Amino acid sequence: LAAEVEDDGSSPSSSGPFKLPEGCEVALFVSPGPREYIIIERICNEVGMGTLVILLNSRLDKMEKFASPAAEELFTEEFENIFHLAASPYQKVSPNCLVYHAFPNDWILARKPKVGAPKTIARQQSKFTEEECRVAYESLEIGDVEKGVENALENVANWFK
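As a starting point, this report considers the structure included with it. Because the structure is predicted, anything quoted here is derived from the model rather than measured.

### Brief notes about the overall build of the chain
Moving on, step 1. Per the secondary structure count, the chain includes four helices and six strands.
Moving on, step 2. Along its sequence from the N terminus, the chain presents helices and strands in the succession β-α-β-α-β-β-β-β-α-α.
Moving on, step 3. Taking all 161 residues of the chain together, 32% fall into the buried category.
Moving on, step 4. Just so you have it, the chain exposes about 11100 Å², and 54% of that area is on carbon and sulfur atoms.

Have a look at this one:
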C-alpha cells in the first residue's frame, strides 16, 4: 500500500505526498481507510506529541490488518476512543443492544426496547467483549409491563406481514 500512496518507502518519517503545514497544532482525519492510515502513521511519527491527531469515524475495530505491528500498536494503544455510539457488535448474544461511550465516562451497554429510551444494562471502564455482553444480557430482567407492551407491538406488527 505504501507504493500506492506515492511513497517509495525510502524514508520512514516521510508522509509521502501529504504534509501537514509547519506548526500545525491539530490534524483532523475523517473516516480514514487503509491508505490513509499509512499516511497518518507517518505523520504521527513525524510530528510526535507536538500535534493533536483526531480520527473521526475511524472504525479501527473493523480493520482486518495493519501495515505493521508498530501501526497496530499506534492505532489501538496510543489513540483514545472519545465517543462511540453504535449497535452492539455482538448482536447474537446481546440482541437489540447499543454500546455508548463518551470520554472520560464509562462504556455503557444498553438495551433498546420497542418503545422508549434505551435502558442501561451494564457499564464498565473498558470496551465490552463478546463474553461481557453475553453475561450482561443474560442477567437482564425485563418487567411484566415492558414484556406485555413489546408482545402487543410485535403482534400488531405481525398483522402487516
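### Let's talk about the state of the cysteines
Moving on, step 1. A complete count under the given rule lists zero disulfides for this structure.
Moving on, step 2. This cysteine, C97, is not joined by any disulfide, and C133 carries the nearest cysteine sulfur, 7.3 Å off.

### A look at the pattern of salt bridges
Moving on, step 1. If you walk through the whole model with that rule in mind, you get three salt bridges.
Moving on, step 2. Between R134 and E131 there is a salt bridge; the shortest N-O distance is 2.3 Å. Of this pair, R134 and E131 are both found in helix α3 (residues 130-138), three residues apart, which corresponds to roughly one turn of the helix.
Moving on, step 3. With relative accessibility at 26%, the residue R134 sits in the partly exposed group.
Moving on, step 4. Overall, the relative accessible area of 44% leaves E131 in the partly exposed class.
Moving on, step 5. With a closest N to O distance of 2.6 Å, R134 and E138 form a salt bridge. Here E138 and R134 lie together in helix α3, a separation of four residues that amounts to about one turn.
Moving on, step 6. Members of the salt-bridge network, linked through shared partners, are E131, R134 and E138.

### Points about the sheet that holds strand β6 (residues 119-124)
Moving on, step 1. Ordered by their spatial adjacency, four strands build an open sheet running β3-β4-β5-β6, and the pairing between neighbours is antiparallel. Edge positions in the open sheet fall to β3 (83-87) and β6, since each of these has one partner strand only. For this sheet, the mean inter-axis angle between neighbouring strands, taken without regard to orientation, is 20°.

### Structural notes on unusual backbone geometry
The general pattern is negative phi for most residues beyond glycine and trans for most peptide bonds.
Moving on, step 1. Cis geometry marks the peptide bond from F103 to P104, where omega comes out at 5°.
Moving on, step 2. Mapped onto the elements, P104 comes out in the loop between β4 (97-102) and β5 (107-111).
Moving on, step 3. A positive phi angle, near 50°, is found at R59, a position not held by glycine.
Moving on, step 4. A residue is classified by how much of its surface remains accessible, and R59, at 47% relative accessible area, is partly exposed.

Thresholds applied
Residues numbered from 1 in each chain as written. Predicted model: local features only at pLDDT ≥ 70, side-chain atom pairs only at ≥ 80, totals over all residues. Heavy atoms only, no water. Helix = DSSP H or I, 4+ residues; strand = E, 2+ residues; numbered from the N terminus. Buried < 20%, exposed > 50% of the residue type's maximum accessible area, 1.4 Å probe, protein only. Areas by Shrake-Rupley, 256 points an atom, 1.4 Å probe, with all protein chains shown as cover. Disulfide = S-S within 2.5 Å. Salt bridge = Lys/Arg side-chain N within 4 Å of Asp/Glu carboxyl O. Pairing = 2+ DSSP bridges. Axes fitted to C-alpha atoms, helices over the stretch in contact; angles between N-to-C directions.

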